[in-house]
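# Working through the structure, step by step
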Amino acid sequence: MIKVKYLGYFLLLSLNSQVIASPTGADVVAVCEESLAKGFDGIKGMMCVWYVTPCDCTYGKDPAIPRVCLPDGEDTEALAREVIEGLKLRPELQTQSAELSSNTILAEKYPCD
């Protein structure tokens, strides 16, 4: 009887918990392609802008993530195209986190000195 009671709690907790996966480089490609077509509207547009215009404000948070220092006035559409193209040329980055993959592509052109 006790085992059944605990099994019920486990099932209840399992049903109520949500697994939230962090976005990947492949997700960045998908949302940025859609954003380019739709003018960066909505949540997907905001997600694309977030990953293609990173700030250097989290420097040191994760040393594996390359730093990116964008010059003032850099065009968001151009950055999105650069990230999409870069990630398509380097498919191994598409399985990495969105932040790592997009920063890796952008850091090649916009490193912090």
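A few points on the structure. (Residues numbered from 1 in each chain as written. Predicted model: local features only at pLDDT ≥ 70, side-chain atom pairs only at ≥ 80, totals over all residues. Heavy atoms only, no water.)

### Things to note about the nonpolar core
Among the nonpolar cores identified, the biggest contains 20 residues, and Val28, Cys32, Cys48, Val52 and Leu87 are the most heavily contacted of them. Those elements giving two or more residues to this core turn out to be α2 (25–38), α3 (42–52), α4 (76–89) and α5 (98–109). If one sorts the elements of this core by residue count, α4 sits on top with 5 residues. Discounting chain neighbours no more than four positions away, the residues touching Leu87 are Gly25, Val28, Val29, Leu93, Gln94, Ser101 and Ile105. (Core = buried A, V, L, I, M, F, W, Y, C linked by side-chain atoms within 4.5 Å. Buried < 20%, exposed > 50% of the residue type's maximum accessible area, 1.4 Å probe, protein only. Helix = DSSP H or I, 4+ residues; strand = E, 2+ residues; numbered from the N terminus. Contact = heavy atoms within 4.5 Å.)

### Focus on the state of the cysteines
Per the counting criterion, the structure on display carries 2 disulfides. Here Cys32 engages in a disulfide with Cys48; their sulfurs sit 2.1 Å apart. Taking the torsion about the sulfur-sulfur bond, which here is approximately 110°, the covalent link between Cys32 and Cys48 counts as right-handed. With Cys32 in helix α2 and Cys48 in helix α3, this residue pair connects regions lying 16 residues apart in the sequence. Take Cys48: its relative accessible area is 1%, and that puts it in the buried class. Put simply, Cys69 and Cys112 are joined by a disulfide, and their sulfur atoms are 1.8 Å apart. The sign of the S-S torsion, about 100°, decides the handedness of the disulfide formed by Cys69 and Cys112: right-handed. Pair noted here: Cys69 is in the loop between α3 and α4 and Cys112 is in the segment after α5, with a separation of 43 residues, a long-range link. The exposure class of Cys69 is partly exposed, given its relative accessible area of 32%. (Disulfide = S-S within 2.5 Å.)

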